[in-house]
Structure formats: C-alpha cells, structure tokens
Amino acid sequence: MVKVAAFGMGRIGGEAAYISAVNGFADELVLYDIMPEFLHAQKLDIMHAKDIPVSTRIEDMKDADYCIFSAGYSRSPNVKTRADLFDKNLPIAREAAELLKGFSGKLIVITNPMDVFTWYFAKHSGLDEGQVVGFGGLLDSRRFTVALNSMGIQEEGMVLGEHGENQVPIFSKLSVDVPEAVREEVLLGLRGSSMPVIKGKGGTVFGPAYHIVSMMQKIEKGEEFICSLPANGAYGIEGCSIGLPAKVTRDGAKINENLKLDDWESAKLNAAAEFLSGLCRRV
Ligand SMILES: NC(=O)c1ccc[n+]([C@@H]2O[C@H](COP(=O)([O-])OP(=O)(O)OC[C@H]3O[C@@H](n4cnc5c(N)ncnc54)[C@H](O)[C@@H]3O)[C@@H](O)[C@H]2O)c1
C-alpha cells in the first residue's frame with residue numbers, strides 16, 4: 001500500500017498525483033494547496049477519474065510514504081532562470097517545513113530552485129536528511145536524450161549538476177566523441193529546452209509529472225537514478241545539494257561515487273557546485 005501526498009496541487013503536483021492514482025502506484029492520496037476551492041476541484045477531478053481514497057486534511061500527510069513538495073511560483077517568459085525564484089519560494093518552503101513537522105515518509109522536492117530547497121529540507125527543516133531527495137535530473141536527462149536523438153545519436157543521456165543553468169550533460173559515456181564546441185552548443189539548447197513549453201502552454205506538466213512518478217517507482221525498486229542530494233564530499237563537493245547518480249531508498253540514499261568524468265564535465269560540475277553552494281548558504 002503506497003500513500004502519496006502532494007503539497008502544492010498546481011500543474012506539477014496535480015498531474016503527478018493524477019498519474020500516481022491512474023497508473024496504480026498510489027493506493028491513497030493526500031492533497032494540499034493554499035487555494036481551498038482549487039484544491040477541492042483537483043480532488044474531485046481525480047476522484048472522477050479513479051476510485052481512490054483522497055484526503056485533503058494536512059494531518060493525513062504525516063504518515064504518507066511520499067510527499068511531493070511542488071508548492072510555489074514557477075518560471076514565466078519573464079523569469080528566466082530557476083534560481084531567480086529563490087526569494088519568492090523560500091518563505092513557502094519554510095511554511096511547508098512547519099506544516100510537515102512529524103512527517104515520516106520521503107519528501108520529493110520539486111519547487112525551484114530545486115537543488116537549493118532540497119538542501120534546505122535536508123539540512124534545516126527538522127526532517128532527517130535521509131528523508132529528502134530532489135527531482136530534476138531524470139527530466140534533464142530525458143531532455144538531453146531528445147537532443148542526442150535529434151543529432152542522430154540513439155543513446156540515453158545523463159545530466160548531472162544543477163537543475164538549471166549549470167546543468168552538466170555527460171558526453172564521455174557516449175559511444176561517439178562529441179567535440180567541446182558542439183557540447184557547448186548542446187548545453188545552450190538544454191538550458192532553453194523548457195522555455196518553448198512555458199511560452200506555449202504556461203508551464204511544463206507531462207514531462208516532469210511522468211518522471212516524478214517514475215522516480216518514486218525507482219525508489220521502490222532500489223534502482224539507481226540521477227537526483228539531487230547533499231553531496232557531503234562526494235566528487236569533492238560540499239555545502240550544497242546537486243544532481244548525482246544515487247540509489248535512494250525510503251530512508252536514505254547512497255551516491256555512486258565511481259563515475260569517471262572528463263575534464264570538461266568535472267569543470268562544469270565544480271562550477272555548478274560553486275553556484276549552488278552560494279545559494280545554499282542563504283537558506
Ligand atoms: N524540479 C523540476 O524538475 C520542476 C519541473 C517543473 C516545475 N518545477 C517547479 O515546481 C513548482 C510548481 O510549479 P507548477 O507549474 O506546478 O506551478 P503552479 O503555479 O501550477 O502550482 C503551484 C501551486 O502551489 C500552490 N501554492 C502556492 N503557495 C502555497 C503555499 N504556501 N502552500 C501551499 N500551496 C501553495 C498554488 O496555489 C499552486 O496551486 C515551481 O517552483 C516550478 O518552478 C520544478
């Protein structure tokens with residue numbers, strides 16, 4: 001029996017809760033949003049799709065197996081980077097930490113800048129560090145795969161680093177050699193890859209929500225995947241949460257420290273860590 005909660009029932013929280021219900025991952029839902037009428041509408045809409053118990057009492061979140069933290073402001077064509085959302089979303093993260101006191105499950109951090117709020121919840125919210133994991137790397141990796149496929153490279157992409165401008169696509173594991181100039185061009189494309197979706201329909205929905213549910217399924221199965229975790233010295237990184245490969249269980253995580261990066265990738269990962277540490281110091 002898996003109980004899934006969503007804290008923030010907008011585009012991402014709503015769709016992830018809906019997918020969890022209809023694909024059978026969740027046996028029970030707990031939904032919360034600051035907008036009561038909207039929350040009620042989301043609840044009814046899901047119940048009209050699937051026969052599943054749905055609570056909107058925040059107390060029922062405490063013993064959920066997973067809580068998706070997806071409350072807060074998102075990017076618009078005028079908000080260029082995820083890091084620009086820091087000041088507006090920090091009070092919401094703090095409020096959530098207060099309301100989630102006593103929560104015993106796994107917190108899946110979505111709200112941007114996601115790596116920074118993963119650090120916040122892991123280190124400063126009162127939850128155990130092992131309860132917290134940040135989502136973004138699976139989506140970024142899928143976007144990189146789409147870019148590789150469009151270049152005629154039919155291989156799976158992997159993206160480490162920040163879920164944001166300082167993302168680090170890993171080229172050295174591909175079977176073809178990609179020169180640095182081309183890598184930089186691809187990286188530029190990846191940085192802008194969600195903007196057409198934001199401009200065209202107001203925000204991303206299907207991509208993130210699908211991979212959020214898939215991430216919870218990977219946790220259940222004990223599979224390794226890319227997620228944001230406090231590095232705690234892995235890859236020489238301290239002071240931030242950052243996208244790395246890890247095996248995550250319901251109560252902990254083990255970062256895979258054996259990935260060999262080339263010089264270009266290492267330099268980009270260090271730059272990502274430096275940028276994120278600066279923001280993490282402010283939470
Ligand atoms: N990590 C990722 O890969 C990823 C992907 C997409 C979006 N995001 C981020 O996820 C967040 C949500 O995006 P969205 O598109 O669903 O936004 P949205 O505006 O559709 O939904 C946000 C929801 O949060 C609610 N909310 C606001 N303040 C709240 C509070 N104090 N308590 C409870 N609920 C509150 C709003 O009422 C709204 O329903 C944004 O920060 C966005 O940038 C992250």
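Residues numbered from 1 in each chain as written. Predicted model: local features only at pLDDT ≥ 70, side-chain atom pairs only at ≥ 80, totals over all residues.

**Student:** What is the right way to read the overall build of the protein chain from this model?
**Tutor:** Helices and strands together make up the secondary structure of the protein chain, namely 9 helices and 11 strands. Over its C-alpha atoms, taken along the principal directions, the protein chain stretches across nearly 55 × 40 × 35 Å. For the protein chain, buried positions account for 43% of its 283 residues. The long-range share in the protein chain, meaning contacts at least 24 apart out of those at least 6 apart in sequence, stands at 68%. (Helix = DSSP H or I, 4+ residues; strand = E, 2+ residues; numbered from the N terminus. Buried ≥ 20, exposed ≤ 12 C-beta atoms within 10 Å, placed from the backbone. Contact = placed C-beta atoms within 7 Å.)

**Student:** Help me understand the domain arrangement of the protein chain, please; the structure alone is not making it clear to me.
**Tutor:** Much of the literature gives interface size as the accessible area that the parts lose upon coming together. By domain assignment, the protein chain separates into domain 1 (3-134) and domain 2 (137-280). Between domain 1 and domain 2, the residue contacts involve 34 residues of the former and 33 residues of the latter. Where the side of domain 1 that touches domain 2 is concerned, the elements lending two or more residues are α1 (11-22), β4 (66-69), β5 (106-109), α4 (114-124) and β6 (132-134). Top contributing element to the side of domain 1 that touches domain 2 by residue count: α4, with 7 residues. Partitioned by chemical class, the residues of the side of domain 1 that touches domain 2 number 17 nonpolar, 8 polar and 9 charged. (Domains from an automatic or database assignment. Nonpolar A, V, L, I, M, F, W, Y, C, P; charged D, E, K, R; others polar.)

**Student:** Explanation requested: the site of the ligand in the structure shown.
**Tutor:** Lining the immediate environment of the ligand, one finds 30 residues, of which G10, I12, A71, S74 and N112 sit closest. Those elements that place two or more of their residues in the shell around the ligand are α1 and α3 (86-99). The residue makeup of the shell around the ligand, split by class, is 13 nonpolar, 13 polar and 4 charged. Here the shell around the ligand spans two domains, and each of domain 1 (3-134) and domain 2 (137-280) adds at least three residues to it. (Near = placed C-beta within 6 Å.)

**Student:** Any chance you could explain the pairing of strand β11 (residues 252-255) here in plain terms?
**Tutor:** Every other side chain in a regular strand lies on the same face of the sheet, so the side chains alternate between the two faces. With burial as the criterion, only one face of β11 is covered, namely that bearing A253 and I255; the residues G252 and K254 on the opposite face remain uncovered. Two elements, strand β10 (residues 241-249) and β11, share 4 bridges in a ladder whose sense is antiparallel. By the bridge assignment, T249 is partnered in β11 with G252. Counting the residues in the hairpin turn of β10 and β11 gives 2 residues. (Pairing = 2+ DSSP bridges.)

**Student:** It is not clear to me how the packing of α3 against α4 should be interpreted in this structure. Could you clarify?
**Tutor:** In helix packing, the relevant descriptors are the interaxial angle and the interaxial distance, both defined with respect to the helix axes. At a minimum axis separation of 11 Å, α3 and α4 run at an interaxial angle of 30°. The pairing of α3 with α4 is recorded here as roughly parallel in orientation. Handedness of the α3/α4 crossing: right-handed. Across the interface between the two elements, F86, N89, A93 and A97 of α3 pack against V116, F117, Y120 and F121 of α4. Class assignment of the residues belonging to the contact of α3 with α4 gives a composition of 7 nonpolar, 1 polar and no charged. (Axes fitted to C-alpha atoms, helices over the stretch in contact; angles between N-to-C directions. Parallel < 35°, antiparallel > 145°, perpendicular 65-115°, else oblique. Left-handed = near helix turned anticlockwise from the far one by under 90°.)

**Student:** How do you make sense of the nonpolar core when you look at a structure like this?
**Tutor:** A general trend in soluble globular proteins is that nonpolar side chains are found buried together. Ranked by internal contacts, the top residues of the largest apolar core, which has 80 residues, are A5, A17, C67, I68, F69, I108 and V109. Two domains each put at least three residues into this core: domain 1 (3-134) and domain 2 (137-280). For A5, the residues in contact, after removing those within four places along its chain, are V30, M61, A64, Y66, C67 and I68. (Core = buried A, V, L, I, M, F, W, Y, C linked by C-beta atoms within 7 Å.)

**Student:** Sorry, what's going on with helix α9 (residues 263-280) here?
**Tutor:** Structural remark: α-helix, 3.6 residues per turn; residues separated by three or four positions point the same way. The end-to-end C-alpha distance of α9, which contains 18 residues, comes to 25 Å, matching closely the 26 Å that a straight helix rising 1.5 Å per residue would cover. Among the residues of α9, E265, K268, L269, A272, A273, F275, L276, L279 and C280 are the ones counted as buried. Close packing links the buried residues of α9 with α3, α4, β7 (159-161), β8 (167-169) and β10. (Expected span 1.5 Å × (residues − 1).)

**Student:** Even after reading the chapter, I still don't get unusual backbone geometry, so can you show me in this structure?
**Tutor:** Only a minority of non-glycine residues have a phi that is not negative, and only a minority of peptide bonds are not trans. Here N112 and P113 are connected by a cis peptide whose omega angle stands at 0°. Position of P113 among the secondary structure elements: in the loop between β5 and α4. Located in the positive-phi region is N232, a residue other than glycine, with phi close to 45°. Mapped onto the secondary structure, N232 falls in the loop between β9 (224-230) and β10. A tally of 12 C-beta atoms within 10 Å means that N232 is categorised as exposed.

**Student:** I'm lost on the packing of helix α5 (residues 137-150) against helix α8 (residues 206-221) in this one. Help?
**Tutor:** One way to put it is that α5 packs onto α8 with a least axis distance of 9 Å and a crossing angle of 125°. In terms of orientation, α5 and α8 fall into the oblique class. For α5 against α8, the interelement crossing comes out right-handed. Where α5 abuts α8, its residues L138, L139 and R142 lie against G207, P208, H211, S214 and M215. A breakdown of the residues in the contact of α5 with α8 according to their chemical character gives 4 nonpolar, 3 polar and 1 charged.

**Student:** For this particular structure, what's the right way to read α4?
**Tutor:** Counted residue by residue, α4 has 9 buried out of 11 residues, so it is predominantly covered. For α4, the set of buried residues is M114, D115, V116, F117, T118, W119, Y120, F121 and A122. Close packing links the buried residues of α4 with α3, β5, β6, β9, β10 and α9. At the exit of α4 stands G126, carrying a positive phi of roughly 95°.

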